[in-house]
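Observations on the model geometry
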Amino acid sequence: MTAGAADRQAAQAGECAPETGLAGAGADAPRAAPVTAPVTATPIAPATLYLVATPIGNLGDLSPRARDTLAAVDVMYAEDTRVTRKLSARFQLTTPLRRFDAATTARKIPEILARLDAGEAVALVSDAGTPGISDPGTPLVAAARDAGYDVVPVPGPSAAVAALSVSGLPTHAYYFGGFLPRKAGKRERLLTALGELDATLVFYESPYRVVASFQQLAQLWPTRMGAFARELTKLHEEIVRAPLPELAADLAARPSIRGEFVILIAPEPH
Ligand code: SAM
């Protein structure tokens, strides 16, 4: 076990302690006093890559542990430093910020590995949500693991899971497909291949293509239920569940389509 892993195990044991006071409390037992111990005080391990989930809209969703981790690491890498600078300002983070995006991956991976080699703790954040989920983080995680470094999750929001949880569609199994292919032919081949799955299909989609995608989905599966989740956790949050043709008609009738979308398709009912 590495020193970092041992530290984390000790910290986890410590984190559980406040909750043990609640064990066995009956219905009439007085409510437990608020926990005042620093429950998020997980020590930051050197030479470790932290994948830190950040809000998908509502900044209140940054977890205390995520904030503490971002404050304590030596450097954080972000997909878009302008976006992450706002997060830093809101949470008074002074941690140095560097760019890591699809265009710079090849150059930045060796740079980050060199930092890990020098013993630095490095955080990776996405524009929104969980790094590595439909963003450029995955090759960095693979490279860090291949080089023998610890990669630690600091979990939190992800648009796909948030959308699925409130969709009202079956959740016994789901298939997350990332972004739908842009071209209609490729989209159709993919959807046809996935159509037999007994699982809810979950995709990210651009507001510019969401009408065309739902029209195609409605043609392919006119009797299936679907849903879309738009602008989750934001001011104009909207979650709509209906048969696919109704969703297509609803979106097609709107004068303009804005915001970020997750689209979901229920499996064929048995
Ligand atoms: N890593 C992120 C995650 O864990 O959710 C996803 C990053 S991906 C580049 C961005 C896509 O996620 C958007 O195009 C949209 O489809 C979806 N998304 C992100 N935030 C969202 C939100 N607040 N509401 C709905 N969809 C969202």
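Residues numbered from 1 in each chain as written. Predicted model: local features only at pLDDT ≥ 70, side-chain atom pairs only at ≥ 80, totals over all residues.

**Structural notes on the overall build of the protein chain**
Scanning the protein chain for helices and strands turns up 9 helices and 10 strands. Taken over 270 residues, the protein chain has a buried fraction of 29%. (Helix = DSSP H or I, 4+ residues; strand = E, 2+ residues; numbered from the N terminus. Buried ≥ 20, exposed ≤ 12 C-beta atoms within 10 Å, placed from the backbone.)

**A short note on the nonpolar core**
One recurring pattern in soluble globular proteins: nonpolar side chains tend to sit buried together. Core analysis: the largest hydrophobic core is formed by 30 residues, its most contacted members being Ala163, Val202, Phe214, Val262 and Leu264. Those elements that place two or more of their residues in this core are helix 6 (159-167), strand 7 (200-205), helix 8 (210-220), strand 8 (225-230), helix 9 (244-252) and strand 10 (261-265). When residues of this core are assigned to their parent elements, the largest contribution, 5 residues, is made by strand 10. Apart from residues lying up to four places away in sequence, Phe214 is in contact with Leu244, Leu247, Ala248 and Leu251. Leu49, Ala66, Val122 and Ala123 belong to the second largest nonpolar core, which has 24 residues in total. (Core = buried A, V, L, I, M, F, W, Y, C linked by C-beta atoms within 7 Å. Contact = placed C-beta atoms within 7 Å.)

**Points about the site of the ligand**
Residues in contact with the ligand amount to 23 residues; listed here are only the nearest, Gly129, Ser158, Ala159, Tyr204 and Leu232. For the shell around the ligand, the elements supplying multiple residues, two or more each, are helix 6, strand 7, strand 8 and strand 10. Split by residue class, the shell around the ligand holds 10 nonpolar, 7 polar and 6 charged. (Near = placed C-beta within 6 Å. Nonpolar A, V, L, I, M, F, W, Y, C, P; charged D, E, K, R; others polar.)

**Points about the sheet that holds strand 6 (residues 174-179)**
Strand order in the open sheet formed by 5 strands is 6-7-10-8-9, and the pairing between neighbours is mixed. Across the chains shown, the open sheet's two edge strands, defined by having one partner strand only, are strand 6 and strand 9 (238-243). Between one strand axis and the next, the sheet turns by 15° as a mean value, whatever way the strands run. Inspection of the sheet shows strand 8 paired to strand 9 by 6 bridges, in the antiparallel sense. The residue of strand 9 that forms the bridge with Arg230 is Glu238. (Pairing = 2+ DSSP bridges. Axes fitted to C-alpha atoms, helices over the stretch in contact; angles between N-to-C directions.)

**Description of the environment of Ala162**
In this structure, Ala162 sits in helix 6. With 19 C-beta atoms counted inside 10 Å, the residue Ala162 sits in the partly exposed group. Each C-alpha atom, one on Ala162 and one on Ile56, is 9.7 Å from the other, the two residues being 106 residues apart in sequence.

**Things to note about the packing of helix 4 (residues 105-117) against helix 5 (residues 138-146)**
Axis separation between helix 4 and helix 5 bottoms out at 10 Å; the angle between their running directions is 40°. Like other packed secondary-structure pairs, helix 4 and helix 5 cross with a definite hand, here right-handed. Contact residues: Thr105, Ile109, Ile112, Leu113 and Leu116 in helix 4; Pro139, Leu140, Ala143 and Ala144 in helix 5. Across the contact of helix 4 with helix 5, the residue classes tally to 8 nonpolar, 1 polar and no charged. (Left-handed = near helix turned anticlockwise from the far one by under 90°.)

**Thoughts on the environment of Ile109**
Mapped onto the elements of the fold, Ile109 is located in helix 4. Spatially, the C-alpha atom of Ile109 lies 7.4 Å from that of Ala143, the residues being 34 residues apart in sequence. Residues in contact with Ile109, not counting those within four places in the same chain, are Pro139, Leu140 and Ala143.

**Considerations on the pairing of strand 1 (residues 48-52)**
The element strand 1 is largely enclosed, with a buried count of 5 among its 5 residues. Side chains Thr48, Tyr50 and Val52 project from strand 1 onto one buried face, and the interleaved Leu49 and Leu51 project onto a second face that is buried too. Judged from the 4 bridges that link them, strand 1 and strand 4 (residues 121-125) form a sheet pairing that is parallel. Within strand 4, the residue paired with Tyr50 across the bridge is Ala123. Bridge count between strand 1 and strand 5 (residues 150-154): 5 bridges; the pairing is parallel. From the neighbouring strand, Leu51 faces strand 5, where its bridge partner is Pro153.

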